[in-house]
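Per-entry structural report
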Amino acid sequence: MNKVYLLPWAMVLSMPTFAYQVGDVVNLPLADLKPTQPSIGYDQVMYKLGRYQFDQKKQFDEICEASGQKGLKHYSDTSVPGVPSSFECEQEVGANKKDMKTVVLAPNGDVYLTDGHHTFNTFTHMQGGGLNYRVNVLVDKDYRDLDNMPQFWDAMIKDGNTWQYDLNGEPITPADLPTRLGMSNFDNDLYRSLMYFSRDVSWNKPKNPVPFLEFYCSKELRQLTDASQYDLASLTGYQFAIEDVAKHLLSIDSDNIGGSGKSASEMGLFKQFSDKGLKKLSKSKGKLDYMLRYKTVQSGHGLAYDATTITPASLSLVDSFTLQQKRSFNDYPVVSADGSINAIVEIPTGTSAKWELNKDNDKQIIWELKNDAPRIVNYLGYPGNYGTLPQTALPKELGGDGDPLDVLVLGQAIPRGQVVNVRLIGILKMLDDGEQDDKLIAVLTQDSPFSEIQTIAQLNQEFIGVSDIVKIWFESYKGKDGGMQVTGWGEADQAMQVLQQAKASYATLAQ
């Protein structure tokens, strides 16, 4: 008879893995679960986190479901996710094993997660969660009779219990897999997110889905469209992306989608686009709404100045001087399909610590050193979010310094290391010790007092004094004899001309 281990905490913590058997339900902290795939769709996790912020009942309902307890029966304002006795589920733990996330047992004694990477990453980041948060999982397979870990991974691949492909669809090795849960440990697969949100619009899970169905379809999508071109920070942009992805999915005519050995119908692809599905997806308090609410908070829209030290979930703090993400910051296109500009925030509004994109490792934002000490601007904090534009490089013959273009993004503080959509409105023309050192000026495109501003002239008309503040700040932040001189302003068309030159220059250098 299969067992359900629901023991006092001290006994649970000491329960050895050799006691587990296939079919058992075991209670483990998230920190003990080893991932078996290299990437997740960040936006899928952000939808759940956004939903939980506004719908606590849904949070407890999914906690109950993940434990095989069908759903939530009762909770109160004092209920806490990590305290099962503070809320009541409909059934006992493990009553519905088909709803539970699964694990397998490896020869080295580790427990590997084979289903539930998105759910358990959500539990890792939700309020009341974390790596010490305990979950109930179902033991699906026992590989401990194998002699070594290479045999284990061969068996895992054969059984369809691991996905070992990178964001480009190229094979990886087990050594390339994350070692623990947490969004920053996983690559962000934009196609996986688009597949998730396209469900009920252009596909739905078949009765007996192949493992990693969304990833197989994502491999096909990579050949058909460039996910980085979409503005996935706005409702309009996401709707456009879903419609475009659906068009591509519906065009697939294959009996081996993504190497799955399955046809379009076997993978659950629709024969025609579902307008009803898109309307449901896009409605107020729908999936996109909840996801974008959470995502824009994470990317700084709406943050107060006391929240500027937040490290986004997609980045990891390597040390006190280094932030790092899984992908290169130069993987982002400087111009999205809708014409909006992507900007990398290095220094949030109101702060003075001088961080910058690492020239030697473009996956990192580092705290700049001066005289072997972290550099801090000895003046008022920056009057906007200061950063750079990806995939740009303006050489000296065009008035640059060979580095990515600098940009000041007017608006509330955005966490360091975030990439946000902005609109260029002009250019501040400057000299630094006699050398040209122009700064592009931009505004946030969403949830900002400046989001409707198109030009410097409009800024001056609607927000009196802002351009003067910016001018005075850059003239003065290096001190009385700092060598900074403002020579004038340029409008949006001039800023775009500089951007196009820098974009072309970067493309030439990258060849």
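Residues numbered from 1 in each chain as written. Predicted model: local features only at pLDDT ≥ 70, side-chain atom pairs only at ≥ 80, totals over all residues. Heavy atoms only, no water.

1. Regarding the overall build of the chain
Each helix and strand in the chain was counted, giving 13 helices and 22 strands. Its C-alpha atoms give the chain a radius of gyration of 25 Å, within 12% of the compact-globule value 24 Å for 511 residues. With the C-alpha coordinates aligned to their principal axes, the bounding extent of the chain is approximately 80 × 55 × 45 Å. Going through the 511 residues of the chain one by one, you find that 55% of them count as buried. Excluding contacts between residues fewer than 6 apart, the proportion of contacts in the chain whose partners are at least 24 apart in sequence is 69%. Accessible surface, the chain: about 23400 Å² in total, of which carbon and sulfur atoms supply 48%. Positive and negative charge centroids in the chain, built from 49 and 64 side chains respectively, lie 7 Å apart. (Helix = DSSP H or I, 4+ residues; strand = E, 2+ residues; numbered from the N terminus. Rg over C-alpha atoms; globule rule 2.2 N^0.38 Å. Buried < 20%, exposed > 50% of the residue type's maximum accessible area, 1.4 Å probe, protein only. Contact = heavy atoms within 4.5 Å. Areas by Shrake-Rupley, 256 points an atom, 1.4 Å probe, with all protein chains shown as cover. Lys, Arg positive; Asp, Glu negative; His and termini not counted. Charge placed at Lys NZ, Arg CZ, Asp CG, Glu CD.)

2. Comments concerning helix H9 (residues 275-282)
Within H9, the full set of buried residues consists of Gly277, Leu278, Leu281 and Ser282. Around the axis of H9, the buried residues are gathered within 125 degrees of arc, so they sit on the same side. In H9, the exposed residues that point more than 90 degrees away from the buried face are Lys276, Lys279 and Lys280. (Arc of directions from axis to C-beta.)

3. Concerning a nonpolar patch on the surface
A cluster of nonpolar side chains, namely Tyr379, Leu380 and Ile472, defines an oily patch on the protein surface of about 300 Å² accessible area. Of note, Ile472 is situated in helix H12 (residues 466-476). (Patch = residues over 30% accessible without salt bridge, like charges linked within 9 Å, V, L, I, M, F, W, Y side chains within 5 Å. Salt bridge = Lys/Arg side-chain N within 4 Å of Asp/Glu carboxyl O.)

4. Regarding the state of the cysteines
If you walk through the whole model with that rule in mind, you get 1 disulfide. The disulfide partner of Cys64 is Cys89, and the gap between their sulfur atoms is 2.0 Å. Disulfide Cys64-Cys89: torsion about the S-S bond near -75 degrees, hence left-handed. Note that Cys64 is positioned in helix H3 (residues 56-66) and Cys89 in strand S5 (residues 88-89), a separation of 25 residues in sequence. Taking the relative accessible area as the measure of exposure, Cys64 reaches 0% and is therefore buried. (Disulfide = S-S within 2.5 Å.)

5. Overview of the packing of helix H2 (residues 42-54) against H3
Look at H2 against H3: their axes get within 5 Å of each other, and the N-to-C directions meet at 125 degrees. Relative to H3, the element H2 lies oblique. Listed contacts from H3 to Lys48, Arg51, Tyr52 and Phe54 of H2 are Gln56, Lys58, Gln59 and Glu62. Taken together, the residues that form the contact of H2 with H3 break down as 2 nonpolar, 2 polar and 4 charged. (Axes fitted to C-alpha atoms, helices over the stretch in contact; angles between N-to-C directions. Parallel < 35°, antiparallel > 145°, perpendicular 65-115°, else oblique. Nonpolar A, V, L, I, M, F, W, Y, C, P; charged D, E, K, R; others polar.)

6. So, the packing of aromatic side chains
Inspection of every chain in the model, using the stated rule, returns 30 aromatic pairs. Ring plane angle 20 degrees and centroid distance 5.7 Å describe the contact between Trp355 and Trp367, whose orientation is recorded as stacked. With Trp355 in strand S13 (residues 355-357) and Trp367 in strand S14 (residues 364-367), this pair connects stretches of sequence that are 12 residues apart. Taken together, a centroid distance of 6.3 Å and an interplanar angle of 45 degrees make the contact between Tyr386 and Phe474 tilted. Of this pair, Tyr386 sits in strand S17 (residues 385-388) while Phe474 sits in helix H12, placing them 88 residues apart in sequence. The exposure class assigned to Tyr386 is buried, which follows from its relative accessible area of 6%. The lysine or arginine in question, Arg192, covers the ring of Phe215, its NZ or CZ lying 5.5 Å from the ring centre. Its end group placed over the ring of Phe54, Arg293 keeps NZ or CZ at 4.3 Å from the ring centre. (Phe/Tyr/Trp six-rings, centres within 6.5 Å; stacked < 30°, edge-to-face > 60°. Lys NZ or Arg CZ within 6 Å of the ring centre and 35° of its normal.)

7. Observations regarding the side chain of His248
Note that His248 resides in helix H8 (residues 235-251). Ignoring sequence-local partners within four residues, the contact set of His248 consists of Leu221, Leu224 and Thr225.

8. Overview of helix H7 (residues 213-224)
For H7, built from 12 residues, the straight-helix expectation of 16 Å at 1.5 Å per residue is met to within 8% by its first-to-last C-alpha distance of 17 Å. In terms of burial, H7 is largely enclosed, as 10 of its 12 residues are buried. For H7, the set of buried residues is Leu213, Glu214, Phe215, Tyr216, Cys217, Ser218, Lys219, Glu220, Leu221 and Arg222. (Expected span 1.5 Å × (residues − 1).)

9. What to know about the pattern of salt bridges
Inspection of every chain in the model, using the stated rule, returns 20 salt bridges. Note that Lys439 is salt-bridged to Asp406, the shortest N-O span being 3.3 Å. Here the residue Lys439 occupies a position in strand S21 (residues 439-444), and Asp406 occupies one in strand S18 (residues 406-410), the gap between them amounting to 33 residues. Classification of Lys439 as buried rests on a relative accessible area of 3%. We classify Asp406 as buried; its relative accessible area is 18%.

10. Observations regarding the confidence of the model for the chain
Looking at the chain, pLDDT values average 89 and 93% of them are 70 or higher. For residues 4-15, every residue scores under 50 in pLDDT, and the model assigns this stretch 19 contacts once sequence neighbours within four places are set aside. Within the model, pLDDT remains below 50 along residues 299-308, and this stretch shows 30 contacts once partners closer than five positions in the same chain are excluded. (pLDDT = per-residue confidence, 0-100.)

11. Quick look at the environment of Gly434
Checked against the element boundaries, Gly434 lands in the loop between strand S19 (419-432) and strand S20 (435-436). For Gly434 and Tyr332, which are 102 residues apart along the polypeptide, the C-alpha to C-alpha distance reads 33 Å.

12. Details of the sheet that holds strand S6 (residues 102-105)
Pairing in this open sheet of 5 strands is mixed, and the strands run S1-S8-S6-S7-S2 from one edge to the other. Of all strands in the sheet, those with a lone pairing partner are strand S1 (25-29) and strand S2 (33-34), marking the two edges. Pairing analysis gives 3 bridges linking S6 to strand S7 (residues 111-113), with the strands arranged antiparallel. What sits directly across from Leu105, in S7, is Val111. Contacts from helix H4 (residues 117-125) reach S2, S7 and strand S8 (134-142) within the one sheet, and its direction differs from that of S8 by about 155 degrees. (Pairing = 2+ DSSP bridges.)

13. What about the side chain of Thr122?
Tracing the backbone through its elements, the reader meets Thr122 in helix H4. Accessibility expressed as a relative area gives 1% for Thr122, which makes it buried. In contact with Thr122, not counting residues within four places along its chain, are Val45, Lys48, Leu49 and Tyr52.

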